[in-house]
There are 2 protein chains.
Amino acid sequence: MIKKVLKFGGTSVGTIDRIQHVANIVSRECKAGNKIIVVVSAMAGKTDELIKLSQKIADDFNKRELDVLLSTGEQVTCALLTGALIRLNVKAKSWLNWQIPILTEGEHSNSRIINMNVNKINHFLNEGVAVVPGFQGISKDGDITTIGRGGSDASAVAFAKLLKADTCEIYTDVDGVFSSDPNKIPVAKKIDKISYDEMLELSSLGAKVMQSSAVQTAMMYDIPLQVRSTFTDRKGTIIFDQQNIDYSKSVTGVAYSKDDAKITLIGVEDKPGIAANIFEPLNKAQINVDMVIQNISSDQKTTDITFTIKRDDLLKTREILKINKKIKYKNITHNDKVSKVSIVGAGMVSTPGVTYKMFRALADDNINILAISTSEIKLSVIIDEEKTLSAVKKLHTIFDLD
Amino acid sequence: MIKKVLKFGGTSVGTIDRIQHVANIVSRECKAGNKIIVVVSAMAGKTDELIKLSQKIADDFNKRELDVLLSTGEQVTCALLTGALIRLNVKAKSWLNWQIPILTEGEHSNSRIINMNVNKINHFLNEGVAVVPGFQGISKDGDITTIGRGGSDASAVAFAKLLKADTCEIYTDVDGVFSSDPNKIPVAKKIDKISYDEMLELSSLGAKVMQSSAVQTAMMYDIPLQVRSTFTDRKGTIIFDQQNIDYSKSVTGVAYSKDDAKITLIGVEDKPGIAANIFEPLNKAQINVDMVIQNISSDQKTTDITFTIKRDDLLKTREILKINKKIKYKNITHNDKVSKVSIVGAGMVSTPGVTYKMFRALADDNINILAISTSEIKLSVIIDEEKTLSAVKKLHTIFDLD
């Protein structure tokens, strides 16, 4: 008997018809003899609707009460899905955050699940399906907390971890993880198997199939994930440990992010602590710095530092650099119309020539590389934004992903 | 320092603007130095919307899960109103059914509040306003329960009772309790003070301002009620003990119910237990019998029994009487187009001639009385339905209520 966590996102439970469809999926899993925990999101659009209501009252609506408000979204789905299961003669019961309870720590609207009473749920799983709300829990003081947008993925993985489930299936509105954005690159293909690391690189680079922190937790506790579509019977993408994957291809996917900006500080005085002095104030201002590249400059006494940020943060970043007394540099330049294109693949490290192949391909298409950053399973370049799609297409082709 | 329970119904919190208006009322009460518990209903239409969702899944949607579903309605209002109060710099906090907790007994969708942890709330009232959901609680097993439609009134009175509040104010969309239906009888006037008994007779007779069981509880524990409008500053109707009322008028109000039917069993064998034999099967079939009148018939050995029921139950009632082997009667007649008109007043018992005055007035207008029933504070007659409004108007006038 296998213990499974099945998670259904907002579009999967967006209408009554879809909830009944989900009930059929769960019923089938149940009849196959599995122990099932179902984690549900709020019906599509519901959370936004509730947020809008709160904003009509106050932009800075009290965070504790916002969590009380938003948590009703998943509660509604829990009740409706459980009713639909019972209608299909499946023994099922909704378990709310306080009924389990699901214990969280951290601030309102940004909490983390740290524990839960597993005995009650485990005991019930011998009898029927437990339907639980994603995205929420309670604090040690007994207040309702939520764990941030998209937090139902994190809930699902936390449940899988705490209940020692054999697998965690993320049902969503796409067929799985693709080698690139299928809406923009029509030849992009679904990936059958992918490692946690690759998935993390892909999702943090804009392939928004699953929340990154949920993948990280799954990796940490070695919980096999499967991302699959609620609306087809097709197999999805299995995400698991790198060792279980046979790499016939060096590159798994091509990702890109838009709306980036690049800043270069030229002739920075090269002494210990200078990078910390630059980035600490940016971090305090909650500016998310992505790539950082540092080169020795021509005079060997100073250095050039390039980094990328989201375009919206450009003005604020320049202001902060201007008033920063701790750093000295000759000049500052920026480019606010850049994008980051990355190839990702756990097989890259063992395949010689990937780097060269990428640079050559871009050069052949007259795409100028503004900065380069590499990791074991990823190679990212900063290029002019207008060349983004042609670069992605080219790389997708030359690495045999079409 | 006075401790008040303020209850706001669905129309009073039906939009964000109205919720903000309610926040202003609560804030004013708070600044007057009162300790405030606010009981809220779901936003108008919300409960029906949720019920419709559940019915799309199943007509007999699981009752436990229906309560989980419906309870979200009041939770949303709780959070929004609390946020609106905090926005007005009023210290406030929402307290959900399980956070207090509010303990209920009885079946799902038809529970009764039996207890709650008053210490937590009382302690908090020293600091701020407690906003609590009406209509719900939890069972001893920790399941969410609801206490029937309109149950927020019952919640408010239960809170007033358990927290030993000085008063319980029911904010609604009418100015108070009227001497008759103001929509049909334009000269109907708001009653300033009324006794619990009168209120019960009026509300059970169709003047649906407050749920009857809530009034009963208030009477039992001597909790002064006030019914008033959320949308005007006018004083409402105070409902309290009969002794506190100075009766200048014998009759307080004229009520009526429609869609009634009358059945008469003629020549029923007169022996002990015959009434029980007639009504027991009707009760089992959940047919609500209203008035029952029994007369000795002309031959002194048999009796005639007349009773009224809702018109919708007429066919079913005749079927049940037909197959009832325990009773014998000569004939059965019915009239399916009758209504009940009642005068209500705690002063009636001490005012001679009220009965005669009523009968004379109806006779003067050629309104035939089909049956009569009296209690200490009420006198009801069954008449032809088409004469209902003219009878109500006439009685309203002759008892000086215009």
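Residues numbered from 1 in each chain as written. Chains lettered and ligands numbered in written order. Predicted model: local features only at pLDDT ≥ 70, side-chain atom pairs only at ≥ 80, totals over all residues.

S.K.: Help me out: how do you make sense of the interface of chain B and chain A in this one?
M.R.: How big an interface is tends to be stated in terms of the accessible area lost upon association of its parts. With 27 residues of chain B at the interface, the matching set in chain A holds 27 residues. Every element with two or more residues in the side of chain B that touches chain A is listed here: helix H1 (16-31), helix H2 (46-57) and helix H3 (63-87) of chain B. A per-element tally of the side of chain B that touches chain A places H3(B) first, with 14 residues. Of the residues assigned to the side of chain B that touches chain A, the class counts are 14 nonpolar, 10 polar and 3 charged. (Contact = placed C-beta atoms within 7 Å. Helix = DSSP H or I, 4+ residues; strand = E, 2+ residues; numbered from the N terminus. Nonpolar A, V, L, I, M, F, W, Y, C, P; charged D, E, K, R; others polar.)

S.K.: Help me understand the sheet that holds strand S15 (residues 302-310) of chain A in this model?
M.R.: Two modes of strand pairing occur in sheets, parallel and antiparallel, and in both the strands are linked by backbone hydrogen bonds. Residue and element names in this part refer to chain A. Spatial ordering of the open sheet is given by S14-S15-S13-S16-S18-S17, a layout of 6 strands whose pairing is antiparallel. In the strand order of this sheet, the two ends are held by strand S14 (292-296) and strand S17 (371-374), each with one partner. Averaged over neighbouring strand pairs, the angle between their axes works out to 30° when direction is ignored. In this sheet, strand S16 (residues 331-344) lies alongside strand S13 (residues 253-269) in antiparallel orientation, the contact comprising 11 bridges. Considered in S16, the bridge of Gly253 is made with Val344. In the packing of helix H9 (residues 314-322) onto the sheet, contacts are made with S13, S15 and S16, and the angle to S16 comes to roughly 130°. (Pairing = 2+ DSSP bridges. Axes fitted to C-alpha atoms, helices over the stretch in contact; angles between N-to-C directions.)

S.K.: For this particular structure, what's the right way to read the relation of the copies chain B and chain A?
M.R.: Copy one and copy two of the chain differ by a rotation about an axis and a translation along that axis. Once turned by 180° and shifted 0.1 Å along the axis, chain B lies on chain A with an RMSD of 0.2 Å. Both chain copies can therefore be described as sitting about a two-fold axis. Identified as the residue of chain B closest to the rotation axis by C-alpha distance is Thr72(B), at 2.8 Å. Comparing interface residues between copies, 100% of those in chain B also lie at the interface in chain A; the contact surface is shared. (Least-squares fit on C-alpha atoms with pLDDT ≥ 70 in both.)

S.K.: So what exactly am I meant to see when it comes to the sheet that holds strand S2 (residues 35-40) of chain B here?
M.R.: All names here are of chain B. Taken in spatial order, the 8 strands make up an open sheet running S3-S6-S2-S1-S9-S11-S12-S10, and their pairing is mixed. Every interior strand has two partners, whereas the edge strands, strand S3 (92-94) and strand S10 (193-195), have only one. Within this sheet the neighbouring strands show an average axis-to-axis angle of 20°, counted without direction.

S.K.: What is the right way to look at the pairing of S13(A) in this model?
M.R.: Bridging between S13(A) and S15(A) involves 8 bridges; their strand directions are antiparallel. Along S15(A), the bridge assignment pairs Glu269(A) with Thr302(A).

S.K.: Teacher, can you tell me more about the packing of helix H2 (residues 46-57) of chain A against helix H3 (residues 63-87) of chain A here?
M.R.: Packed helices, taken two at a time, are described by the angle their axes make and the gap between the axes. All names here are of chain A. Where H2 meets H3, the axes come as close as 9 Å, and the angle between the chain directions of the two elements is 150°. The angle between H2 and H3 falls in the class roughly antiparallel. As for the relative orientation of H2 and H3, their crossing is right-handed in sense. Contacts between H2 and H3 involve Lys46, Thr47, Leu50 and Ser54 from the former and Leu66, Leu69, Leu70 and Gly73 from the latter. Taken together, the residues of the contact of H2 with H3 break down into 4 nonpolar, 3 polar and 1 charged. (Parallel < 35°, antiparallel > 145°, perpendicular 65-115°, else oblique. Left-handed = near helix turned anticlockwise from the far one by under 90°.)

S.K.: Honestly, the domain arrangement of chain A in this entry has me stumped. Any pointers?
M.R.: By the assigned domains, chain A splits into domain 1 (3-173) and domain 2 (254-398). Using only C-alpha atoms to locate each centre, domain 1 of chain A and domain 2 of chain A end up separated by 39 Å. (Domains from an automatic or database assignment.)

S.K.: How should the environment of Val131(A) be read in this particular structure?
M.R.: Residue and element names in this part refer to chain A. The topology assignment puts Val131 in strand S6 (residues 129-133). The spacing of Val131 and Val39 is 92 residues in sequence and 6.1 Å in space, taken between C-alpha atoms. The residues touching Val131, leaving out its near neighbours within four places in the chain, are Val38, Val40, Cys78, Leu81, Thr82, Ala92, Ser94 and Trp95.

S.K.: Is there a simple way to explain the nonpolar core in this structure?
M.R.: Side chains of nonpolar character tend, in soluble globular proteins, to be buried together. With 233 residues, the main nonpolar core has Ile37(A), Val38(A), Leu81(A), Val38(B) and Leu81(B) as its most contacted residues. Not counting the four nearest positions on each side in its chain, Leu81(A) is found in contact with Val13(A), Ile19(A), Val22(A), Ala23(A), Val38(A), Val40(A) and Val131(A). (Core = buried A, V, L, I, M, F, W, Y, C linked by C-beta atoms within 7 Å. Buried ≥ 20, exposed ≤ 12 C-beta atoms within 10 Å, placed from the backbone.)

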